[in-house]
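Structure assessment
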Amino acid sequence: MAIIETRGLSKVYTLGKKRQVVALNDVTLNIQEGEIFGILGPNGSGKTTSLKLLLGIIFPTAGEIAIMGENQFSIAAKKNIGFLPENPYYYDYLTGPEILKFYGKLFDIPSSTIADRTEELLNLVGLYNARNLALKHYSKGMLERIGLATSLINDPKILILDEPTTGLDPIGCKETRDLLIKLNKSGKTILLSSHFLSEVERVCTRIAIFHRGYLLTTGTLTGLLEEYQAENLEDLFVKAIEKFDTAEQK
Amino acid sequence: MKKAWVIALNTFQESLRKKTFYVLLVVALVVIGASRFFSFLAAEDELKMIKDVGFASIEFFGALIAIFTALTAVSGEIEKRTIYPLLSKPIKRSHFIIGKLTGQTLVIFLNFVFMSLFFIVLLLIKKSPPDINIFKALILIFIELVLIGTITLTVATFATEAFNLIFSFFLYVVGHLISYGSQILERVENTLLQRLGKAFYSILPNYENFNIKDKVVVGVSVSWKYVGTNVLYGILYMVIALLIGIYFFNKREV
Ligand SMILES: Nc1ncnc2c1ncn2[C@@H]1O[C@H](COP(=O)(O)OP(=O)(O)OP(=O)(O)O)[C@@H](O)[C@H]1O
Ligand SMILES: [Mg+2]
């Protein structure tokens, strides 16, 4: 059984009285346990929208979502999810350990476990030395790092990451990639969105390409390269989008 | 519900780490204290002045704290996007709202206690120990402050921060003028207009109900029945506002 499933998922944003934006159009996706699934797509293609839908932050216009067999609002299902939003922002008056403690408590994790994990996670994302610093003094990359740490506080089965390496320096990017692979090996299913094709190429076991709210295609990298007769992921990305746009024009 | 408490403590902590709380509290204490320096007045008038200024300051600065705390509690959370990671956690949206309300009420209470204690100490210095009517007036002010905060929180669930700020202050003023408004309405000829006006006024919170300071200051006592009725009015209003807030927040896309 798929760990995350969407069926006919659509999202229309209403702006004012008449203007509507179709951000997601009839997307049916299955993500299997143990995958590192990458969502690719140009700006505004609906990546963030689909992740927000999965977390119940926004509501679908049509379609259904199942996470571990439950709907996206299920408290039980959410206990197993770690989420890193796009350009994350947290309570800026708290320090790293305080923010981890706050989220840990929302998961009902015992204080001693939170304390242990806090030290471990701060070391993992390289923020241990900044542990006394309030988040308002963090740089963009540091916020991304603390975000990754908070998304792991509940030792989740599913990790949902919206552009996890945006704002990170090259070493941070590499560290994050290695970390994701390590977490995946330890049994976590990972769903991420990204603009960095090379990153997706290196870590994802399966990918989906979104464009203007449509799910163009899904599959393994090798499978898709063959299908589109593409040389690499960039070539594939361009071909998939061009194919859709020309079909649309007709 | 334990998680609502976690949210409440976080909200409380947030207020105590921001300057607004202290600045408003210090200004309030200065204003309350300044009334002491009207010593050129006759002793009796001076005492009246201290009480007048004291009650008015506790109410006014308390209202400012209530509005600003409630604004950061929900509107701030949405505006700054800290709501995204929060809503992805295993917490019900209703518990989030209840937690926020509890947290901001703790802040309002703390501020209220500081101001009231200062006020009472001032009365003691002037050798005029507060009588029960002083406490009745304070109780009603506290209920009013919590109600003001609750309404701002409710509005935050469906409106923007900027709108909420303006609306809350507007309501604060209008809520105090309701009694005058209904007096004017009595004289309106057009019955339809009168009915509409009355409906409008009965929906709005009548903050003036919580104001007994004019009586207390001149030594007129107010019955417990009046206090009880209006505490009940306040609580009922809050519960309804809270339910409306939860209803809208359950549907809110952030
Ligand atoms: N709250 C909103 N109200 C109205 N329209 C929105 C809202 N959020 C997103 N959109 C629109 O929905 C579409 C998809 O946006 P989304 O944020 O999902 O894109 P994305 O793929 O994450 O893009 P990016 O790569 O830039 O992060 C865009 O056209 C965007 O303008
Ligand atoms: Mg995005």
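Refer to the structure printed above.
Description of the structure in this document. (Residues numbered from 1 in each chain as written. Chains lettered and ligands numbered in written order. Predicted model: local features only at pLDDT ≥ 70, side-chain atom pairs only at ≥ 80, totals over all residues. Heavy atoms only, no water.)

Points about the coordination of the magnesium ion (ligand 2)
Residue and element names in this part refer to chain A.
- Around the magnesium ion (ligand 2), the protein supplies Thr-48 (OG1) and Glu-86 (OE) as donor atoms, at distances of 1.9 to 2.4 Å. Placement of Thr-48 in helix α1 (residues 47-54) and of Glu-86 in the loop between β5 (81-84) and α3 (96-106) is noted, with a sequence separation of 38 residues between them.
- Exposure remark for Thr-48: the relative accessible area of 18% places this residue in the buried category.
- Given a relative accessible area of 29%, Glu-86 falls into the partly exposed group. (Donors = N, O, S within 2.8 Å, 3.2 Å for Na, K, Ca; no water. Helix = DSSP H or I, 4+ residues; strand = E, 2+ residues; numbered from the N terminus. Buried < 20%, exposed > 50% of the residue type's maximum accessible area, 1.4 Å probe, protein only.)

Topic: the site of ligand 1
All names here are of chain A.
- Of all residues adjacent to ligand 1, which total 15 residues, the nearest are Lys-47, Thr-48, Thr-49, Glu-86 and His-195.
- At 3.1 Å, a backbone N or O of Ser-45 approaches an oxygen atom of ligand 1.
- Where the shell around ligand 1 is concerned, the elements lending two or more residues are β1 (4-15), β2 (19-31) and α1.
- When residues in the shell around ligand 1 are grouped by element, the largest group, three residues, is from α1.
- Residues that form the shell around ligand 1 fall into these classes: five nonpolar, seven polar and three charged. (Near = heavy atom within 4 Å. Polar contact = N/O pair within 3.5 Å; in protein donor to acceptor, adjacent residues only side chain to side chain. Nonpolar A, V, L, I, M, F, W, Y, C, P; charged D, E, K, R; others polar.)

Focus: the packing of α3(A) against helix α1 (residues 2-16) of chain B
- At a minimum axis separation of 8 Å, α3(A) and α1(B) run at an interaxial angle of 155 degrees. Relative to α1(B), the element α3(A) lies roughly antiparallel. Mapping the contact onto sequence places Glu98(A), Phe102(A), Lys105(A) and Leu106(A) in α3(A) and Lys3(B), Val6(B), Ile7(B), Asn10(B) and Gln13(B) in α1(B).
- When grouped by side-chain class, the residues that make up the contact of α3(A) with α1(B) number four nonpolar, two polar and three charged. (Axes fitted to C-alpha atoms, helices over the stretch in contact; angles between N-to-C directions. Parallel < 35°, antiparallel > 145°, perpendicular 65-115°, else oblique. Contact = heavy atoms within 4.5 Å.)

Details of the sheet that holds strand β4 (residues 62-67) of chain A
All names here are of chain A.
- One open sheet accounts for three strands, arranged β2-β1-β4; its pairing is antiparallel. The open sheet is flanked by β2 and β4, the only strands paired with a single partner. Averaged over all neighbouring strand pairs, the angle between strand axes comes to 25 degrees, with direction disregarded.
- With nine bridges joining them, β1 and β2 adopt antiparallel strand pairing. Bridge assignment links Glu-5 to a residue of β2, and that residue is Asn-30.
- α1 rests against β1, β2 and β4 of the sheet, and its axis sits at about 115 degrees to β1. (Pairing = 2+ DSSP bridges.)

Examining the packing of helix α5 (residues 93-125) of chain B against helix α6 (residues 132-156) of chain B
All names here are of chain B.
- It is at 10 Å that the axes of α5 and α6 come closest, and there the two elements cross at 150 degrees. When the interaxial angle is binned, α5 and α6 end up roughly antiparallel. The way α5 lies across α6 gives a crossing that is right-handed. Here Ile-97, Lys-100, Leu-101, Gln-104, Thr-105, Ile-108, Phe-109, Phe-112, Ser-116, Phe-119, Ile-120 and Leu-123 of α5 lie close against α6, whose contacting residues are Ile-134, Phe-135, Leu-138, Ile-141, Phe-142, Leu-145, Val-146, Gly-149, Thr-150 and Leu-153.
- The class makeup of the residues in the contact of α5 with α6 is 16 nonpolar, five polar and one charged. (Left-handed = near helix turned anticlockwise from the far one by under 90°.)

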